[in-house]
Every structure is written in structure tokens, then in C-alpha cells.
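Residue-level structural notes
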Amino acid sequence: MCSLEKSGNIFILTLTGPGEHRLNPTLLDAISAALSQVRADRSTSSALITTAEGKFFSNGYDLAWASTSGVLSHDRAKIMSSKLRSIVADLISVPMPTIAAISGHCSAAAVILALSHDYVLMRNDRGFIYMSELDIGLRIPEWFVSLIQIKAGSPRSQRELMLRAAKLTAQDALKWGIVDSAHVSADETVKAAIRLGENLIGRKWDGHVYAQIRMRMLATVLEKLGYDETVSPTRPRL
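Here goes a summary of the coordinates provided. (Residues numbered from 1 in each chain as written. Predicted model: local features only at pLDDT ≥ 70, side-chain atom pairs only at ≥ 80, totals over all residues. Heavy atoms only, no water.)

A few points about the pattern of salt bridges
Applying the stated criterion to the full structure yields 6 salt bridges. A salt bridge links Lys-83 to Asp-29; the shortest N-O distance between them is 2.8 Å. Of this pair, Lys-83 sits in helix 2 (residues 74-93) while Asp-29 sits in helix 1 (residues 25-41), and the two are 54 residues apart along the sequence. One salt bridge connects Arg-164 with Glu-160, and the closest N-O pair in it is separated by 2.8 Å. Take Arg-164: its relative accessible area is 52%, and that puts it in the exposed class. Here Glu-160 falls in the buried class, since its relative accessible area comes to 7%. (Salt bridge = Lys/Arg side-chain N within 4 Å of Asp/Glu carboxyl O. Helix = DSSP H or I, 4+ residues; strand = E, 2+ residues; numbered from the N terminus. Buried < 20%, exposed > 50% of the residue type's maximum accessible area, 1.4 Å probe, protein only.)

Here you go:
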């Protein structure tokens with residue numbers, strides 16, 4: 001499902017295998033466990049890179065797992081949402097810089113996973129960033145929108161992602177301010193992420209201070225993570 005390796009002070013979390021890396025409970029639990037290991041094994045100054053093998057970074061939620069007789073199960077969708085929200089909260093609070101190295105197609109909930117990192121790098125020769133919800137008739141959760149509004153540049157960029165369901169190449173995403181850089185292949189994308197991680201580690205920042213600043217920058221996202229109106233029928237009372 002995923003692997004975690006450490007090279008110096010850089011952690012590389014890889015979604016393994018040739019498949020679509022659909023975000024079902026098994027994969028989400030594996031990612032969560034890897035992030036817990038990162039916290040346990042981190043050095044004073046560390047960095048985290050998340051990438052994937054094969055032609056997909058991730059094709060989003062596992063809607064096949066969440067469906068019964070072709071109908072989306074509310075209870076199963078709620079499980080996936082809860083687990084992804086927990087991972088995003090972990091990424092926002094982890095005490096080190098984080099880098100997503102998008103190695104292939106990246107759709108829907110996987111876009112949110114990638115944008116939850118501090119930096120997003122993408123391969124140029126294959127793959128799209130694609131918020132597919134409009135095309136498949138699913139509402140976009142409020143907390144997805146909140147993260148995209150912070151991370152995806154201008155209102156025009158947000159429109160491309162959410163209201164046009166555009167399939168963005170690396171060059172498109174770079175133009176719209178959604179990714180930080182584009183690279184000629186998956187390998188070069190990971191190499192660029194490692195170079196960036198080494199540069200950030202070289203600054204010798206206090207990881208807890210870094211995390212506190214990030215949490216304040218993304219405070220509106222953290223506030224909305226406790227609730228997903230697309231799977232919860234009523235908002236909990238405060």
C-alpha cells in the first residue's frame with residue numbers, strides 16, 4: 001500500500017504498486033501509520049516527501065469500495081472522509097516542511113491530499129490534476145474548498161479546478177499557481193523534491209515553530225476539518 005524510507009533527514013512516503021492508489025480505508029490507515037512513524041523518528045530538522053509509483057499519484061476516493069450495488073454508501077463515504085480529514089490534520093501539524101511529488105494522475109480527494117503539503121511538484125510528461133466532482137455529480141466538501149482557496153492561487157485558478165473540472169497538465173497547473181514546479185519525469189520530480197527538502201533542512205528551523213506557523217496560516221481549514229457536510233447529515237452542535 002505504501003512504504004516509508006528515510007534518507008538522512010528526509011522521509012519519503014511512497015504509495016506503492018502499479019494501481020490507481022485509491023484512497024480507501026486500508027491505504028488511508030497505512031498513510032496515517034507512516035505519518036505517525038515520521039513524527040516518532042524525526043530529527044531536529046527534517047522534511048517529508050510524499051510520492052507514488054506507477055501512472056497514478058492517486059485517483060481519489062475509492063468509490064467502488066464505498067458503493068453497494070452501484071449506490072454510494074453514506075456510511076462508507078463517511079469512513080473515508082473521516083480518515084482523510086485526520087491525515088490532512090496530521091500534515092498541517094507535522095513539525096517539518098512537507099513536499100508532494102505528483103508522479104502521475106491526481107484526482108479529486110488526491111488533489112486535496114497533495115495540496116495539504118507545503119510544496120507541490122509535478123511531473124511534466126504524464127498526468128493531470130483533476131477535480132472530478134462536477135463531472136461525476138458529487139458535491140465538493142466545504143473543507144476541500146477552504147483548502148483550495150488558500151492553496152490554489154487566484155479565483156480564476158479555483159474556477160478552473162472546481163467549476164470547470166479542468167484536467168490540468170503540469171504546465172497548466174504551474175501557470176495557474178497550483179503547483180510550484182514541473183519536471184520532465186517522475187524520477188526527476190522526486191529528485192527535485194529531495195533537493196528542495198535538503199535546502200529546507202539546511203535552514204535548521206525549529207520544527208514545532210514551523211508547524212505552529214503553518215497551523216495559523218491554515219486555521220480556517222483546521223476549523224472546518226471537524227465536519228464534512230457531504231457525509232454528515234447535520235452539523236454538530238458547538
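Thoughts on the layout of surface pockets
Unfilled space is identified by rolling a water-sized probe across the atoms. In this structure, the largest pocket occupies an estimated 510 Å³ of space. Contributing to the lining of the largest pocket are 28 residues, with Tyr-61, Leu-63, Glu-133, Ile-136 and Leu-138 lying nearest its centre. Of all the secondary structure elements, the ones that give two or more residues to the lining of the largest pocket are helix 2, strand 8 (105-107) and helix 4 (133-136). Looking at the lining of the largest pocket element by element, the count peaks at 4 residues for helix 2. (1 Å grid on protein atoms, 1.4 Å probe; cavity = no way out; pocket = protein on both sides within 12 Å on 5 of 7 lines; lining within 4 Å. Points joined across faces, edges and corners; volume = space filled by probe spheres on them.)

Describing the environment of Leu-72
Relative to the assigned elements, Leu-72 resides in strand 6 (residues 71-72). Taking the relative accessible area as the measure of exposure, Leu-72 reaches 40% and is therefore partly exposed. With residues up to four places along the chain from it excluded, the contact list for Leu-72 reads Leu-63, Ala-66, Ser-67 and Leu-138. (Contact = heavy atoms within 4.5 Å.)

Regarding the packing of aromatic side chains
Scanning the model with the defined rule gives 2 aromatic pairs in all. Where Trp-143 meets Phe-144, the ring centres are 4.7 Å apart and the plane angle is 90°; that geometry is what we call edge-to-face. Each member of the pair, Trp-143 together with Phe-144, is buried. With centroids separated by 5.8 Å and ring planes inclined at 25°, the aromatic side chains of Trp-205 and Tyr-210 adopt a geometry described as stacked. Take Trp-205: its relative accessible area is 33%, and that puts it in the partly exposed class. Above the ring of Trp-65, the side-chain terminus of Arg-76 is found at 4.5 Å from the ring centroid. Across the ring face of Tyr-130, the terminal group of Lys-167 is positioned such that the distance to the ring centre comes to 5.0 Å. (Phe/Tyr/Trp six-rings, centres within 6.5 Å; stacked < 30°, edge-to-face > 60°. Lys NZ or Arg CZ within 6 Å of the ring centre and 35° of its normal.)

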